[in-house]
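Letter by letter, the chains look like this.
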Amino acid sequence: VQLAAQFPDLYPKIVSIQNSYSLVMRKDYEAGLAEACYHHNVGLLPYSPLAGGSLSGKYRDPENVPQNARLKQFPGFMDRYLGSLNERAVNKYCDLAAAHD
């Protein structure tokens, strides 16, 4: 950001970042990037706001996940959401949403 201010012809100003950000993936942004973005007037374009689709509830029953679903198309991609504390959090969020549907 400072180089962009000093040398605007060489370095374009950063106006936004695109990071993974959702109810279950918050710490990477909130543990430092949020403050830096605030002070430098940089916006966030959240990547994967539904945590790869897991917050939609469509992966709650692994036996009934369609073959063309992201969960099965990209092995390992969803590991950060499933089989962990994130999976329990997702299930609680889905239960809460269902209770208020």
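Our structure is the block above this text.
Rules used in this analysis
- Residues numbered from 1 in each chain as written.
- Predicted model: local features only at pLDDT ≥ 70, side-chain atom pairs only at ≥ 80, totals over all residues.
- Heavy atoms only, no water.
- Helix = DSSP H or I, 4+ residues; strand = E, 2+ residues; numbered from the N terminus.
- Rg over C-alpha atoms; globule rule 2.2 N^0.38 Å.
- Buried < 20%, exposed > 50% of the residue type's maximum accessible area, 1.4 Å probe, protein only.
- Contact = heavy atoms within 4.5 Å.
- Salt bridge = Lys/Arg side-chain N within 4 Å of Asp/Glu carboxyl O.
- Expected span 1.5 Å × (residues − 1).
- Arc of directions from axis to C-beta.
- Core = buried A, V, L, I, M, F, W, Y, C linked by side-chain atoms within 4.5 Å.
- Phe/Tyr/Trp six-rings, centres within 6.5 Å; stacked < 30°, edge-to-face > 60°.

With that settled, the discussion passes to the overall build of the protein chain. The secondary structure content of the protein chain amounts to four helices and two strands. The N-to-C order of helical and strand elements in the protein chain reads α-β-α-β-α-α. Compactness check: the protein chain gives a C-alpha radius of gyration of 18 Å against a globular reference of 13 Å for 101 residues, more than 25% above the reference. Taken along its principal axes, the extent of the C-alpha atoms in the protein chain is 55 × 30 × 25 Å.

It is worth spelling out the environment of Asn19 at this point. Relative to the elements of secondary structure, Asn19 occurs in the loop between β1 (16-17) and α2 (27-40). Overall, Asn19 belongs to the partly exposed group, its relative accessible area being 24%. Residues Asn19 and Leu33, 14 residues apart in the sequence, show an inter-C-alpha distance of 9.6 Å. Not counting residues within four places of it along the chain, the set of residues in contact with Asn19 comprises Leu33, Leu44, Leu45, Pro46 and Tyr47.

Attention now moves to the pattern of salt bridges. Throughout the structure, instances matching the rule amount to three salt bridges. In this structure, the salt-bridge partner of Arg26 is Glu30, at a minimum N-O distance of 3.1 Å. Glu30 gets classed as partly exposed once you look at its relative accessible area, which sits at 37%. Between Asp28 and Lys27 there is a salt bridge, and its shortest N-O distance comes to 3.1 Å.

Time to look at helix α4 (residues 85-99). Over its 15 residues, α4 extends 21 Å from the first C-alpha to the last, a length consistent with the 21 Å expected when each residue adds 1.5 Å. Listed in full, the buried residues belonging to α4 are Asn86, Val90 and Cys94. Projected onto a plane normal to the axis of α4, the buried residues spread over an arc of 75 degrees and lie on a single side. Opposite its buried face, α4 presents the exposed residues Leu85, Arg88, Lys92 and Ala99, each directed more than 90 degrees away.

This part covers the nonpolar core. When a protein is soluble and globular, its nonpolar side chains tend to lie buried together. Of all hydrophobic cores here, the largest spans 11 residues; its members are Val24, Met25, Ala51, Leu55, Tyr59, Val65, Ala69, Met78, Tyr81, Val90 and Cys94. Discounting chain neighbours no more than four positions away, the residues touching Ala51 are Ser22, Val24, Met78 and Tyr81.

On to the packing of aromatic side chains, then. Applying the stated rule across the entire model yields one aromatic pair. Between Tyr21 and Tyr29 the ring centres are 5.4 Å apart and the planes differ by 70 degrees, which places this aromatic pair in the edge-to-face class. Residue classification places Tyr21 among the partly exposed residues on the basis of a relative accessible area of 23%.

With that settled, the discussion passes to the side chain of Ser20. Within the secondary structure, Ser20 is located in the loop between β1 and α2. In contact with Ser20, not counting residues within four places along its chain, are Met25, Tyr47, Ser48, Arg80 and Tyr81.

A few words now on the side chain of Asn86. Summarising the element assignment, Asn86 is placed in helix α4. A relative accessible area of 18% means that Asn86 is categorised as buried. Residues within four places of Asn86 in sequence aside, it is in contact with Val24, Met25, Arg80 and Tyr81.

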